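Structural overview for review
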Amino acid sequence: ADRGNGECRSRLTFTRCPARGRSSCPATKPSMLNVHLVPHTHDDVGWLKTVDQYFYGGRNYIQHAGVQYILDSVVAELQKDPARRFIYVETAFFFRWWSQQSRSTRNIVTQLVQEGCLEFVNGGWCMSDEASTHYSSVIDQMTLGLRFLNDTFGECGRPRVAWHIDPFGHAREHASIFAQMGYDGFFFGRLDYQDKDRRMKTKEMEMVWRASASLNPPTADLFTGVLPNGYNPPPGFCWDQSCSDDPVQDDPALEDYNVDDLVSRFISISKAQAALYKTNHIVMTMGSDFQYENANPWYKNMDKLIHYVNAQQANGSQVNVLYSTPSCYLQELNLANQTWPLKSDDFFPYADGPHDFWTGYFTSRPALKRYERLSNSLLQTCNQLEVLGGPKSRSGPFGKGDSDTMKRAMAVAQHHDAVSGTEKQHVADDYAKRLAEGWAHCQVLVSNSLSVLSGSEVPRVFCENLNISVCPLTEGSKMFSMNVYNPLARPVSWSVHLPVNGTSYNVTDSSGNVVDSQVIQSHGRASALRRPSPAAPPLCADLHAASPLCFQYLKVTFDPNTGLLSGLTNLETQQSVQLTQNFYWYNASVGNAESSQTSGAYIFRPNSSTPCAVSKNSNTVLCVCQNSVVQEVRQQFSPWVSQVVRLYEGSRELELEWTVGPVPVEDGFGKEVITRFDSNISSAGYFYSDSNGREVLERRKDYRPTWDLTQTEPIAGNYYPINSRAFIKDGKAQLTVVTERSQGVSSIYNGSLEIMLHRRLLRDDYRGVGEPLSEPGEFGNGLVVRGRLLLTLTPPETAADSHRPLAQGLVLQPLLSFQEGAPKPTSKLEAALPPAVHLLTLSQWDSESVLLRLEHQYESGESKAFSQPVTLNLQVHTHTHSAVTALLPCCLLYRLSLLCFDCSFFS
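Residues numbered from 1 in each chain as written. Predicted model: local features only at pLDDT ≥ 70, side-chain atom pairs only at ≥ 80, totals over all residues. Heavy atoms only, no water.

As recorded in an unreviewed UniProt entry, the protein goes by Alpha-mannosidase and comes from Pygocentrus nattereri. Listed in UniProt under the heading Sequence similarities (unreviewed entry), the comment for the protein reads: "Belongs to the glycosyl hydrolase 38 family." According to its UniProt record, the protein has this under Catalytic activity (unreviewed entry): "Hydrolysis of terminal, non-reducing alpha-D-mannose residues in alpha-D-mannosides." (UniProt positions renumbered as here; feature names shortened; annotations may be inferred.)

Observations concerning the UniProt feature "domain: Glycoside hydrolase family 38 central" (unreviewed entry) in the protein
In the numbering used here, UniProt assigns the feature "domain: Glycoside hydrolase family 38 central" (unreviewed entry) to residues 356-435. What you have in residues 356-435 is 56% helix and 5% strand, and the ends, taken at the C-alpha atoms, are 32 Å apart. (Helix = DSSP H or I, 4+ residues; strand = E, 2+ residues; numbered from the N terminus.)

Some thoughts on empty space enclosed by the protein
Taken as a whole, this structure holds seven cavities of 30 Å³ or more when the rule is applied. The space that makes up the largest cavity amounts to roughly 60 Å³. Contributing to the lining of the largest cavity are Leu488, Ala489, Arg490, Gln808, Leu833, Val837, His838, Leu839 and Gln857. A per-class count over the lining of the largest cavity returns five nonpolar, three polar and one charged. (1 Å grid on protein atoms, 1.4 Å probe; cavity = no way out; pocket = protein on both sides within 12 Å on 5 of 7 lines; lining within 4 Å. Points joined across faces, edges and corners; volume = space filled by probe spheres on them. Nonpolar A, V, L, I, M, F, W, Y, C, P; charged D, E, K, R; others polar.)

A closer look at the state of the cysteines
Under the criterion given, the structure shown has four disulfides. Note on cysteine connectivity: cysteine 25 is disulfide-linked to cysteine 328, with sulfurs 2.0 Å apart. As the torsion about the S-S bond is roughly -85°, the cysteine 25-cysteine 328 disulfide counts as left-handed. One end of the pair, cysteine 25, is in the segment before β1 (33-39); the other, cysteine 328, is in helix α10 (residues 326-335), and 303 residues separate them in sequence. By relative accessible area, which is 5% here, cysteine 328 ends up buried. The disulfide that involves cysteine 382 links it to cysteine 442, with 2.4 Å between the sulfurs. Measuring the twist about the S-S bond at about -100°, one finds the cysteine 382-cysteine 442 disulfide to be left-handed. (Disulfide = S-S within 2.5 Å. Buried < 20%, exposed > 50% of the residue type's maximum accessible area, 1.4 Å probe, protein only.)

Things to note about the side chain of arginine 434
Position of arginine 434 among the secondary structure elements: in helix α13 (residues 425-454). A distance of 3.0 Å separates the side chain of arginine 434 from the side chain of aspartate 52, its partner in a polar contact. Residues in contact with arginine 434, not counting those within four places in the same chain, are Val51, Asp52, Arg96 and Ala409. (Polar contact = N/O pair within 3.5 Å; in protein donor to acceptor, adjacent residues only side chain to side chain. Contact = heavy atoms within 4.5 Å.)

With respect to the nonpolar core
Membership of the largest hydrophobic core comes to 128 residues, with the highest contact counts inside it found for Leu37, Phe94, Tyr292 and Leu654. In contact with leucine 37, other than residues within four places in its own chain, are Phe266, Met284, Met286, Met302, Leu305, Ile306, Val321, Leu322, Tyr323 and Ser324. Ranked by size, the runner-up nonpolar core spans 43 residues in total, among them Tyr135, Val138, Ile165 and Ile177. (Core = buried A, V, L, I, M, F, W, Y, C linked by side-chain atoms within 4.5 Å.)

In structure tokens, the structure reads:
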């Protein structure tokens, strides 16, 4: 978009929606209590069944659900009465259904959308998880869904309301994204039971969420409402074929005539609900999981309910019932001119009972969480190279490739029962399979594009198993070239580990300059994971007392008796902290006299606040390797937990590469595995975690900013999600841990930070998934997971200068590919972007347009050097592409005028 001349120009076209605004909403009665019935279905994009099984209605012995029949039935029923309404959320399903419809059906649906009878809410490809997702992937999946709705229905298809009725806690960054996308409001169903109880008593179930501490209000302010019944209908008023509530039986001659009773109960429920909210408008969600497969019972009974309840107005009733939608309800609230409370933190952690904290899923299925993050990195590289390589990238010397397959697989993976790790095992396998298919399509595109850019058509291979030291080309070739594509718009230093069979190699760059390299022995856990592995030369020294690791920026010390980390020194700032690290496991609860709640895919509930140390031996060090490139200490804590502590030459961060699994459960104990850092930093019960990888929120042990917490689970009740970083600090030092996947984090003790790495459990937690979280792994004896943590020690005022680029570097890491022969270097960025500016998106929009997103990656006030505004001069040298920087033209990005609020509340 270009506003240089005061006008808004874009290559996108929109049609005005004749029903947009109050004209599409049913009339209300200002002097009465208006009950807005919102017919809806909640269709998980995978959970107990796969996406395909849910759409077609397969494997109904697992769960009776068929989305195609829901949409068929709803469209048929909406045509019978223009007063009827329905909202739909999951564009992934609607897209598939739409592609199978005839022209006449499409015309009918388009008319229903234009008349406001069928309204899309949320609009993303899925209803994303809010704890385990990275903001860049959330934006991508929202773009995919919203673009389809815009292309198909124009302005009438544009959602005005975000609708996250099922995610298990709510992130501030999600609300910020929704506000910046132009949504008028946000509704959800789940929040902590203590928070909900207080809000109901004080009529604060609706509020304005100030979702950013950096953006000037009201940029990230979003009206937010908590739905009264989760997302279910009020008790006794579910008329789905899966429900057993009585229908409206309105023949007075019938023995089971029940109109008077139903009307009386409905009016009583409405009045009770109205007592919890501020205005004379309330909303009732009429639907639930995969409902409306037969929409006729729903609409037939709601028609009668509306008729008979409203007929009581002649007898003095002040209750008015109507079909409605969230946007129509929100319009009425906007007209009420109310004052709303302000919220500025988030809604984590979520608990639905005293011992039922949904904090386990922050870590559940850690391998899938990592695969999703790696897939995002590949997708961004794929998108960029599709632009840089032009049309030949999609059809070139290596065949036909595309980015769309990966875009859709990644969009599905953002679902709140996908990357969250809360699905059945066969569904998790399906998510991984979809991502793998996306990788295959993108690798063809990448090969074609790099061929165009380098002029080389030598076949290219991608070694996807480097994390377990497997790459047939490097192991079997005496000479090969490695191509490194950096998706960041700035230079990075990246250390590469390649499996080889020789003992001496000469490494040069594309100009023939020698690159410092070393051959070191592969450590035992990597060899075990390969099953089998070739022999390697013994180039590490076995030691009982670990020597310090030291290069020019960091010094790392180890305890001579235990081999554990004992201290970290920043040689630039002359800061030192006492720092120990060890691995522990919490014994997963199987229920007790206090509560029958168990640990499961969703719930984290240890049976003790004291974890068990993994290592039963006093010495954990295997060996120490030191050379000009890297210094490392290899630690073995048990047969199923090991770690390599690495310090690279020129690095300001310490790398910890951990390997956990298979987690043993033969003793009958489910285990929640953590690593804990204990330091002499005086953190005073405070720690900090990121929100979806973007802004950082302050956390405090046994505390919630908006209500007086009664802590009933001292460990699980203090866990929060992290996507990229967490830290503790005092006035002098900040210890930051940067992670490469979503995990759970807490600070139970002063100066400590613990991160949950892996979970293997023996019981289901009774939240619907119906099976224990016990992943079999490749060999059937349990999942082995490997990951990395990066540690920095800095003054607090300069910490963001380090952890921001480190986190982005782990999200968008270089893509390695290998060829026979010498590489030909190429770069399409004439100059690096300023340090504060991050290249969020560069992708092909259509045959003539490119989508470019740039963001300022620093929060307000977190960096003296980089938190200032940045001015860029972008010059795109191309004769085939133009730039589109937003899905929605700026002139059409309008929101309801923000409802007034009390800024002093929860300030």
